[in-house]
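Below are the chains, spelled out letter by letter.
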Amino acid sequence: MSLEEIVKSEPAYRLDQIFLAWFDKNIHNFSEITTLSKNLREQLIGEPWMTVKEKILQTSEVDGTRKALLEFSDGKVVESVLMPRASKKEWPDDRPRFTICVSSQVGCPMGCAFCATGKLGFSRNLSYREIIDQMRYWQQILWDNNEGEIDNIVFMGQGEPLLNYENVKLSLKILVKYAKIGQRKITLSTVGVPEAMEKIVTEKDFPAVRFALSLHSALSESRLAIIPSNRPGFLDFLVEWSKKYHNAFPSRTHFIGLEYIMLKGVNDDAQHLNALIKLALKLGSIRVNLIPYNGSSCNDFFQGTDFATIQTWQKKMNDRDITCTIRRSQGLDIDAACGQLANKNQ
Ligand code: SAH
Ligand code: SF4
């Protein structure tokens, strides 16, 4: 019987008590949740306390980024990444702070041409527990070594989170409410799934997390050439959707992130820059994040744009009052950077 089936006949707050316990340093299994009845604790004895098991853990010698290959009960695996935050300004009490990158699916069906995960194909969605347990796995390591805290989570690991909408939504709610990760400290990254994007702006209970769209081209045809899931009319949809998004999340700190991998000769000429600026100006509060392409041994088809050109793009956008940053890749030496997660060491 699953956890949900076991607690079904119990009052609703039972699940709250369990969720809280999952993020409590002093509780190590269901039988230690003393707020539960003895009878319920006995029923939960066969339930796994943690749904992920570490198979391989690697640490970058360059920047301390760690990457874990995690296995689920059916033998499927995903990768998950822990990144130390370099800037000590982000360590309020001198304790190191970490960002984690979580996966939402085993593999990914979207098949983006530049992404190592896309090459794996799709296997299955992760359950909400398998998503939050990636956080609990890293948290346990930090607790065991008294190393610091996780205060930032990006859904930028393997998979397309919006194709696994309900599990992702529930995991976000749990991370916000029980792991006490601030809503603005969680970023959901998507290549764009219109039906799910509509739900985000209409469902009142969707957590106000940050939203990042993997745009990679503001010209429909060239976007389709690298993102096979790009539907005709998606960019027009995006403009309309952005209005609903800003209405639903009106706070000034709530911008839409636009992710843009710079691929030499593919999406980095003047025409693409102009299209990006034009689109960005229609989307309200946004921030562009230019991403230097991370190659991987299973993808040598593309080359990254040279850094000077990336900087020129940044400047041109800043000149038009568009906030634009350049992503710093972490964990390159262990293939832990964005787009490199391909379970290679399996
Ligand atoms: N499926 C979601 C989230 C996972 S991908 C999405 O596509 O947004 C997380 C981020 O890594 C995305 O912005 C994606 O475009 C980027 N990415 C994929 N392959 C990459 C590569 N080879 N180099 C740099 N970034 C890459
Ligand atoms: Fe899937 Fe994102 Fe990779 Fe595209 S970039 S294949 S959507 S994980």
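Residues numbered from 1 in each chain as written. Chains lettered and ligands numbered in written order. Predicted model: local features only at pLDDT ≥ 70, side-chain atom pairs only at ≥ 80, totals over all residues. Heavy atoms only, no water.

**Some points on the pattern of salt bridges**
Per the stated rule, a full pass over the model turns up 22 salt bridges. A salt bridge links E42 to K38; the shortest N-O distance between them is 3.6 Å. Placement of both E42 and K38 in helix α3 (residues 38–43) is noted, with a separation of 4 residues, approximately one turn of the helix. When its relative accessible area of 47% is taken as the criterion, E42 is described as partly exposed. By relative accessible area, K38 is classed as exposed at 60%. Measuring nitrogen to oxygen at the nearest pair gives 2.8 Å for the salt bridge that ties E195 to R231. One end of the pair, E195, is in helix α6 (residues 194–202); the other, R231, is in the loop between α7 (220–226) and α8 (234–248), with 36 residues separating them in the sequence. Among the residues examined, E195 registers a relative accessible area of 47% and is labelled partly exposed. (Salt bridge = Lys/Arg side-chain N within 4 Å of Asp/Glu carboxyl O. Helix = DSSP H or I, 4+ residues; strand = E, 2+ residues; numbered from the N terminus. Buried < 20%, exposed > 50% of the residue type's maximum accessible area, 1.4 Å probe, protein only.)

**Some points on the packing of aromatic side chains**
The way to describe two aromatic rings as a pair is by their centre distance and the angle between their planes. Enumeration over the complete set of coordinates arrives at 14 aromatic pairs. Look at F30 and W49: their rings are 5.0 Å apart centre to centre, the planes differ by 90°, and that puts the pair in the edge-to-face class. Taken together, the positions of F30 in the loop between α2 (13–22) and α3 and W49 in the loop between α3 and β1 (53–59) put the pair 19 residues apart, joining distant regions of the chain. Side by side, F30 and W49 carry an identical accessibility label, which is buried. (Phe/Tyr/Trp six-rings, centres within 6.5 Å; stacked < 30°, edge-to-face > 60°.)

**Let's talk about the sheet that holds strand β4 (residues 97–101)**
Pairing between the strands of a sheet comes from backbone hydrogen bonds, and it takes one of two forms, parallel or antiparallel. On the basis of which strands lie adjacent, the open sheet formed by 10 strands has the order β1-β2-β3-β4-β7-β8-β9-β10-β11-β12 and mixed pairing. Unpaired on one side and paired on the other, β1 and β12 (324–326) mark the two borders of the sheet. Within the sheet, the average angular offset between the axes of one strand and its neighbour, ignoring direction, is 25°. Where strand β3 (residues 77–84) meets β4, 4 bridges bridge the pair, whose relative direction is antiparallel. Each residue of the ladder has a partner; that of V81, found in β4, is C101. (Pairing = 2+ DSSP bridges. Axes fitted to C-alpha atoms, helices over the stretch in contact; angles between N-to-C directions.)

**A word on the environment of V7**
Along the chain, V7 falls in helix α1 (residues 3–7). Classification of V7 as buried rests on a relative accessible area of 6%. When the C-alpha positions of V7 and F302 are compared, they lie 50 Å apart, and in sequence the two are 295 residues distant. If we ignore the near neighbours within four places in the chain, the residues touching V7 are L15, I18 and L40. (Contact = heavy atoms within 4.5 Å.)

**Examining the side chain of S171**
Relative to the elements of secondary structure, S171 occurs in helix α5 (residues 165–177). Using a relative accessible area of 0% as the deciding quantity, one classes S171 as buried. Polar contacts involving the side chain of S171 include one to the main-chain carbonyl oxygen of V168, which spans 2.7 Å. Leave out the neighbours within four places in its chain, and S171 touches Y128, I131, I132 and F155. (Polar contact = N/O pair within 3.5 Å; in protein donor to acceptor, adjacent residues only side chain to side chain.)

**What about the site of ligand 1?**
Taken together, 21 residues sit near ligand 1, with F114, S189, S214, H216 and N294 positioned nearest. Within the backbone of T190, a nitrogen or oxygen atom sits 3.4 Å from an oxygen atom of ligand 1. Isolated, ligand 1 exposes 530 Å² of accessible area, and the fraction of that covered by the protein chains is 96%. Secondary structure elements with two or more residues in the shell around ligand 1: β8 (186–190), β10 (256–262) and β11 (286–292). When the residues that make up the shell around ligand 1 are grouped by side-chain class, the tally is 11 nonpolar, 8 polar and 2 charged. (Near = heavy atom within 4 Å. Areas by Shrake-Rupley, 256 points an atom, 1.4 Å probe, with all protein chains shown as cover. Nonpolar A, V, L, I, M, F, W, Y, C, P; charged D, E, K, R; others polar.)

**Details of the domain arrangement of the protein chain**
Its domain assignment divides the protein chain into domain 1 (1–49) and domain 2 (51–334). One C-alpha centre belongs to domain 1, the other to domain 2; they are set 32 Å apart. Facing 13 residues of domain 1, the contacting portion of domain 2 comprises 15 residues. Carbon and sulfur atoms supply 59% of the area that domain 1 and domain 2 bury against each other, a total of about 1300 Å² over both sides. On the domain 1 side of the contact with domain 2, W22, F23 and K25 bury the most area, a combined 52% of that side's loss. Viewed at the interface, domain 2 and domain 1 are joined by 2 salt bridges. (Domains from an automatic or database assignment. Buried area = accessible area lost by both parts, 1.4 Å probe.)

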